Amino acid sequence: MPVSLISGGSRGLGLATVQRLLERGDQVATFSRSGSPALTSLAEQFPDRLYTGCLDASKNDKLRQFVAQVTERFGGITHCVANAAIAHEGVLATMRDDQIEEMLAVNLAGSIMLVREAVRQMLLAPAENAPSVVVVSSVVAKTGSQGLSVYAATKAGLEGFAISLARELGPRGIRVNAVAPGFLDTDLSQSLSADNRQRIIRRTALGRLGTPDDIVSAIDYLTSSRASFLTGQIIAVDGGA
Ligand SMILES: NC(=O)c1ccc[n+]([C@@H]2O[C@H](COP(=O)([O-])OP(=O)(O)OC[C@H]3O[C@@H](n4cnc5c(N)ncnc54)[C@H](OP(=O)(O)O)[C@@H]3O)[C@@H](O)[C@H]2O)c1
């Protein structure tokens, strides 16, 4: 049975991914700084196949501990989805040091550290099911967005990370890809003004914001044997933004 580790599973895209991978039969581990009633209810529904923790993705020692606990509990890690992220919106000139540092620490360094810990386990105990890594980027890494320059930099960094890591791990049979969602209707995008929201919807070919489920389908595919020859790719799932 595949073991999938997903960061930021308490809400939004992370929660939807946890739910979908549980429904397809995976053993799933996830963490965030705080839990949520929805995640607690999933844990009650799948007591043997869902393992949850509360920790900050920017704390390396806690990440290491959590990955070790997951490995002990489920016997290894098959797929790793680096999803946890935060977005502080604002023009660069007035952005505070701590906001810039937090985005770099959580979105970029936190994802890299998580993937490193998971990959170490994958290399130590090769899984029966072909292992994979998915990092969650954003369409703004390529399109840019006013007020999101630092956030976009963290996502562009993750895309470069995924492409190089795919080359490094390909010979070991581990696939690495990035999913780049368009704007989604989740907590992360609640700070969008009504005008901005309408502007994004107008310029999106499919005429709406994305939902977590739209993106989960891509993650489900990338972490399955159906994507066995797909690595080093950035898959935009953005409704034609
Ligand atoms: N929403 C969008 O419009 C959009 C568009 C493109 C890409 N994305 C990307 O999609 C992914 C998911 O976004 P979302 O919209 O689902 O966001 P969300 O609803 O804000 O959820 C973010 C998740 O990450 C966790 N998290 C945040 N900071 C953390 C930290 N320091 N340590 C551990 N966990 C942390 C949150 O839990 P806690 O707060 O409890 O820690 C939560 O579970 C992110 O990578 C985001 O950049 C989102």
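Residues numbered from 1 in each chain as written. Predicted model: local features only at pLDDT ≥ 70, side-chain atom pairs only at ≥ 80, totals over all residues. Heavy atoms only, no water.

Visitor: Give a detailed account of the pairing of strand 2 (residues 27-32), specifying residues and quantitative values.
Guide: When you tally the buried positions in strand 2, you get six out of six residues, the bulk of the element. Of the two faces of strand 2, the one lined by Q27, A29 and F31 and the one lined by V28, T30 and S32 are each fully buried. In this structure, strand 2 lies alongside strand 3 (residues 50-54), joined through five bridges in parallel fashion. Directly across from V28, in strand 3, lies its bridge partner L50. Handedness of the crossover joining strand 2 and strand 3 through helix 2 (residues 37-45) is recorded here as right-handed. (Buried < 20%, exposed > 50% of the residue type's maximum accessible area, 1.4 Å probe, protein only. Helix = DSSP H or I, 4+ residues; strand = E, 2+ residues; numbered from the N terminus. Pairing = 2+ DSSP bridges. Right-handed = clockwise from strand over helix to strand, strands pointing away.)

Visitor: Hey, could you go over the nonpolar core for me, with residue numbers and the actual values?
Guide: Counting 45 residues, the largest nonpolar core has L5, V70, V115 and V135 as its most contacted members. Mapped onto this core, the elements with two or more residues apiece are strand 1 (3-7), strand 2, helix 3 (60-74), strand 4 (79-82), helix 4 (97-124), strand 5 (132-136), helix 6 (149-169) and strand 6 (175-181). Top element by residues in this core is helix 6. It accounts for nine residues. In this structure, V115 is in contact with C80, A82, V133, V135, F161 and L165, ignoring residues within four places of it in sequence. (Core = buried A, V, L, I, M, F, W, Y, C linked by side-chain atoms within 4.5 Å. Contact = heavy atoms within 4.5 Å.)

Visitor: Tell me about the pattern of salt bridges, and name the residues and values.
Guide: Tallied over the full model, the rule gives 13 salt bridges. A cluster of three or more residues bridged by salt bridges with shared partners is formed by R20, R24, D26, D220 and R226. (Salt bridge = Lys/Arg side-chain N within 4 Å of Asp/Glu carboxyl O.)

Visitor: Residues and numbers for empty space enclosed by the protein, please.
Guide: Counted under the stated rule, the structure contains one cavity of 30 Å³ or more. Counted as a void, the largest cavity has a volume near 30 Å³. What lines the largest cavity is simply S7, F31, A57, A84, V106, G110, S111 and L114. A total of four residues in the lining of the largest cavity trace back to one element, the largest contributor, which is helix 4. In terms of residue class, the lining of the largest cavity is made up of five nonpolar, three polar and no charged. (1 Å grid on protein atoms, 1.4 Å probe; cavity = no way out; pocket = protein on both sides within 12 Å on 5 of 7 lines; lining within 4 Å. Points joined across faces, edges and corners; volume = space filled by probe spheres on them. Nonpolar A, V, L, I, M, F, W, Y, C, P; charged D, E, K, R; others polar.)

Visitor: Tell me what's going on with the packing of helix 3 against helix 4, and back it up with residues and numbers.
Guide: At a minimum axis distance of 10 Å, the contact between helix 3 and helix 4 shows a crossing angle of 30°. Between helix 3 and helix 4 lies a crossing whose hand is right-handed. On the side of helix 3, the interface is formed by N60, L63, R64, V67 and T71, while helix 4 contributes G110, M113, L114, R116, E117, A118 and Q121. Split by residue class, the contact of helix 3 with helix 4 holds five nonpolar, four polar and three charged. (Axes fitted to C-alpha atoms, helices over the stretch in contact; angles between N-to-C directions. Left-handed = near helix turned anticlockwise from the far one by under 90°.)

Visitor: Requested: an account of the side chain of S4, with residues and values cited.
Guide: Topologically, S4 is positioned in strand 1. The class for S4 is buried, based on a relative accessible area of 0%. Engagement of the side chain of S4 in a polar contact is seen with the side chain of D26, the distance being 2.7 Å. Apart from residues no more than four positions distant in its own chain, S4 is found in contact with L21, R24, D26, Q27, V28, A29 and H79. (Polar contact = N/O pair within 3.5 Å; in protein donor to acceptor, adjacent residues only side chain to side chain.)

Visitor: Would you mind going over helix 1 (residues 12-23) in detail, with residue names and values included?
Guide: With 12 residues, helix 1 extends 17 Å between its outermost C-alpha atoms, agreeing within 8% with the 16 Å of an ideal straight helix rising 1.5 Å per residue. For helix 1, the set of buried residues is L13, G14, L15, A16, T17, V18, L21 and L22. Elements that come into contact with the buried residues of helix 1 comprise strand 1, strand 2, helix 2, strand 3, strand 5 and helix 8 (212-222). Directly after helix 1, the chain includes G25, whose backbone phi takes a positive value near 110°. (Expected span 1.5 Å × (residues − 1).)

Read these as spatial facts, not as claims about activity.
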